[in-house]
There are 2 protein chains.
Amino acid sequence: MQKERHKILAESVKRLLRRGATKSLQNIIKKTHAADLSLVFRDLSSDNRIQMLNLMKDPEQKGVLFSELEETVFLEIMEHMAVEEVVDVFENMAADDAAELLGYLDEDTADIILEKMNKEDSQEVEHLMSYGEDTAGSIMVPDFIALKEDMGARDVIEALQNEFLDVEMPFYVYVIDTYGKLVGVSSLRQLVVVHPEKPLKEFMTRDIVSVKTYTDREEVAQLVARYDYLAVPVVDDDNCLVGIVTVDDVIDIISEEATGDILKMAGVGEDYIETQTVLRGTRIRLPWLFTSFLGGLAAFFIIGNFEASLQQYAYLAAFIPVIMGMGGNIGTQSSTIVVRGIATGKIDTGDLFSVVGKELAIGVILGIVYGLFIGIVAKVRFNHEPLSLQLAFSVGLAVISSMSVAALVGSLVPMLFEKANIDPAVATGPFVTTSVDIVSVYCYFMIATILLGI
Amino acid sequence: MQKERHKILAESVKRLLRRGATKSLQNIIKKTHAADLSLVFRDLSSDNRIQMLNLMKDPEQKGVLFSELEETVFLEIMEHMAVEEVVDVFENMAADDAAELLGYLDEDTADIILEKMNKEDSQEVEHLMSYGEDTAGSIMVPDFIALKEDMGARDVIEALQNEFLDVEMPFYVYVIDTYGKLVGVSSLRQLVVVHPEKPLKEFMTRDIVSVKTYTDREEVAQLVARYDYLAVPVVDDDNCLVGIVTVDDVIDIISEEATGDILKMAGVGEDYIETQTVLRGTRIRLPWLFTSFLGGLAAFFIIGNFEASLQQYAYLAAFIPVIMGMGGNIGTQSSTIVVRGIATGKIDTGDLFSVVGKELAIGVILGIVYGLFIGIVAKVRFNHEPLSLQLAFSVGLAVISSMSVAALVGSLVPMLFEKANIDPAVATGPFVTTSVDIVSVYCYFMIATILLGI
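What counts as what
Residues numbered from 1 in each chain as written. Chains lettered and ligands numbered in written order. Predicted model: local features only at pLDDT ≥ 70, side-chain atom pairs only at ≥ 80, totals over all residues. Heavy atoms only, no water. Helix = DSSP H or I, 4+ residues; strand = E, 2+ residues; numbered from the N terminus. Rg over C-alpha atoms; globule rule 2.2 N^0.38 Å. Buried < 20%, exposed > 50% of the residue type's maximum accessible area, 1.4 Å probe, protein only. Contact = heavy atoms within 4.5 Å. Buried area = accessible area lost by both parts, 1.4 Å probe. Salt bridge = Lys/Arg side-chain N within 4 Å of Asp/Glu carboxyl O. Nonpolar A, V, L, I, M, F, W, Y, C, P; charged D, E, K, R; others polar. Pairing = 2+ DSSP bridges. Axes fitted to C-alpha atoms, helices over the stretch in contact; angles between N-to-C directions. Core = buried A, V, L, I, M, F, W, Y, C linked by side-chain atoms within 4.5 Å.

Chemist: Any chance you could explain the overall build of chain A here in plain terms?
Modeler: Along its length, chain A carries 22 helices and six strands. Here chain A has a C-alpha radius of gyration of 30 Å; the compact-globule value for 454 residues is 22 Å, and the former is much larger. Referenced to the eigenvectors of the C-alpha coordinate spread, the extents of chain A come out at roughly 95 × 65 × 45 Å. Classification of the 454 residues of chain A by burial places 55% in the buried group.

Take a look at the structure:
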């Protein structure tokens, strides 16, 4: 439904651009949400994007549009805009979005823009840019309501109606003491039910959850998700309120972190974007495949050591794919379950033994099941050959060991990486697959050589 | 930081339970958010959970706790609770959470509970349960503010302060006409700045985004994420407002859908939970591995056909892992990028040719790079053998074809599945890996047989 709407919108924009129907385009721009325009922009040619941008008059709408664009499209557009125009847009943008976009630009350009922006706006943005990437500080907005604890309910309501009209999300009234330290929070609901003269400190909620400016943004997102908050206050080391992280940013974080984890596990690197050019895509993916290449080489040299066995029993080679495949797949299952469990907080590294033990048990059971299957296939297929029973046993045992080791490695590695503060998603994907491949092949040929008495 | 807190909390609860320190436990329960208690519950033994539950007096807190528990823990607890107690909790729970939990119970038990609940609550819950799984209807809450379009701003504010005090998230005032049809929306901010006598219809926003009761919940989540809404109104086919989906539920949806996609791609099924018993885990994962088993068997029979070649050149076998591994890994990269791109709306099935073309190009380039590497290794290693150049060419070409086919299949399959309305995540994982394995092995031996003139 939504997709249909966007397709129709993109088509009409393209048609109107071809016809140069400026008036109609301006009408569409005025009526369309910047988030929808950003989707249309993705489908437009570079020239058309500039044309559309020139038709947009509202700097605030341009600001929202910019914040929704992908990095590459944004950078391309920037090349065609006058500095004054850019400054105008940045001044009308949420400070956290402006900070993020400026981070995409090279330092010189960013400095020029910041210098030309009005002092107050640029200071806010520079302040946010000074916090580390992926911290609460870098995504907070300075747009919050903070009032002194002695203020009465009626005065608070009046202040809300007068001073704080342009606060974007006025759900929580944060309460601070004379030193600016965060001491409580109150809601609109509380404000209207208490006696109008009652001061905030007498009815506010004191048990308030806050984060530090350097708290990891993923932790902030988990807090908001767990307690169903609409915003979390951010405080500095002195517990002074400096900003809030709002739920709309948390949604983006959760989606981005999930995408990042998925891509990292597939060995692509978390920032891989679909709109990449072929060459950039190749450059990003080349090194990730190198682990797999090294693993393949290792397997090659291992098998090379058993060339004598292969010359005697050539059909041993035919089982390599199924042994590697079963191990690889159960290893992927185990590591995915554990990596995702850690990310969503359902698995704790404290449970190491129970989690790894369970995965190993599942690996052994499934290994026995499929080892039996494959052993039977081997026995039936090579019934006419000498030592077919030994062959069947070799193959079956190889599947059991390969699947057990894979489940063990697949669950143990992400747990250990998490304990050592290495991102389990980025390290697990290639590492697990490659090591499982090597171990599988080695076990298989060792077992076969012994059992077949080569 | 958060994890530390939870660990400490769980430890003290366990210690107090051992000592039977009822008073202290009740104090902790009173002061702790139900979302935190649910984490503690996960760590407790079955008996301890029941003990804790008996100490909890507030049915509303129990309701929130229940809605945070995992299905298995919830079902276990249910067995130890009296029906009256359960009914009390369900009456004090958000209707959408109650509907979800009742869905876990067998029909008879659910009916008994619904019958004993007070009429109004049970009707609400049954109503929600009547909507299809994963639709907007099944997750909406009937907790919204809807007022007639003729009402003046001041009267609206008064109504908010009196009638709608227990609406959980009072951000939007929805405006309906005399037939109950949704015609607009207004915000608290608008209400306080307009003239007090001005009727809603003169200042409300008419361009309102709503969803149908049967809209897929993933689409609802994407809407909320795109436009930074705090809630979306849900209407029936007559455009009458019947509920809202709030942002806190959207966060859960986004996280669950991402987890589901990750697990499906790893071939585990989207509902795999880490706390599964070994036997259940085995049962769920067994069939998923069957595809991989069949693929392995197919590769086995293919290689069997080339037994003559293997007997002549045993070292051909040593290259099987690297060829399969490189193909498998680039195939996983491609399918992951496409599946996640589709899920986040960054890739549209309309872009089929450009997306698949780009992936294929990357596959060919990377294939040439790694094919060259491996060809050189083969030439150097087997320099003393006759036909070592032909062998090097065979292996190199096999890597190129394997990686190109893998990138093609890996990107094409999810696009086609999405077009055919089959979930690309569930279908892609095992399908892509298995077909790539088979094609890789076949191509390799075909090329080798021809070039080596066997």
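Chemist: What should I look at first to understand the interface of chain A and chain B in this one?
Modeler: Note on interface size: it is often stated as the accessible area lost on association of the parts. In this assembly, 115 residues from chain A lie in contact with 115 residues from chain B. Summing the contributions of chain A and of chain B, the shared interface buries around 10,200 Å²; its carbon and sulfur component is 67%. At the surface where chain A touches chain B, the tally comes to two salt bridges. Among the salt bridges present, the one from B:Arg285 reaches A:Glu359, with a minimum N-O distance of 3.0 Å. Its residues assigned to classes, the side of chain A that touches chain B shows 62 nonpolar, 26 polar and 27 charged.

Chemist: Would you mind going over the sheet that holds strand S3 (residues 182-187) of chain B with me for this structure?
Modeler: Backbone-to-backbone hydrogen bonds pair the strands of a sheet. The strands run either parallel or antiparallel. All names here are of chain B. Pairing is mixed across the open sheet formed by three strands, whose spatial order is S1-S2-S3. Both outer strands of the open sheet, strand S1 (145-148) and S3, are each paired with one neighbouring strand and no more. Going across the sheet, the axis of each strand differs from the next one's by a mean of 35 degrees, ignoring polarity. For S1 and strand S2 (residues 172-176), the ladder comprises four bridges, and the chain directions are parallel. Each residue of the ladder has a partner; that of Lys148, found in S2, is Ile176.

Chemist: Looking at this structure, I do not really get the nonpolar core. What am I missing?
Modeler: The nonpolar side chains of a soluble globular protein tend to be buried with one another. A:Phe66, B:Phe66 and B:Phe90 are the most contacted members of the largest nonpolar core, which has 132 residues in total. Filtering out sequence-adjacent residues up to four positions away, B:Phe90 remains in contact with B:Phe74, B:Ala98, B:Leu101, B:Leu102, B:Ile113 and B:Met117. One finds A:Val413, B:Phe300, B:Ile320 and B:Val399 within the second-largest nonpolar core, a separate group that totals 103 residues.

Chemist: Please explain the pattern of salt bridges as it appears in this structure.
Modeler: Residues and elements named next belong to chain A. Summed over the entire model, instances satisfying the criterion amount to 22 salt bridges over all chains. For the salt bridge of Glu197 with Arg154, the shortest nitrogen-to-oxygen distance reads 3.2 Å. Taken as a pair, Glu197 in the loop between helix H13 (188-193) and helix H14 (200-203) and Arg154 in helix H12 (residues 153-162) lie far apart in primary sequence, 43 residues in all. A relative accessible area of 48% means that Glu197 is categorised as partly exposed. Each member of the salt-bridge network shares a partner with another, and the members are Asp134, Arg217, Glu256 and Glu257.

Chemist: Would you take a moment to explain the environment of A:Ile113 for this structure?
Modeler: Mapped onto the fold, A:Ile113 is located in helix H9 (residues 107-116). Each C-alpha atom of the pair A:Ile113 and A:Arg217 lies 27 Å from the other, and the pair is 104 residues apart in sequence.

Chemist: Even after reading the chapter, I still don't get the sheet that holds strand S5 (residues 231-235) of chain A, so can you show me in this structure?
Modeler: Strands sit in the order S4-S5-S6 (chain A) across an open sheet of three strands; the sheet is mixed. Each edge of the sheet is formed by a strand with only one pairing partner; in this case those strands are strand S4 (211-212) and strand S6 (241-246) of chain A.

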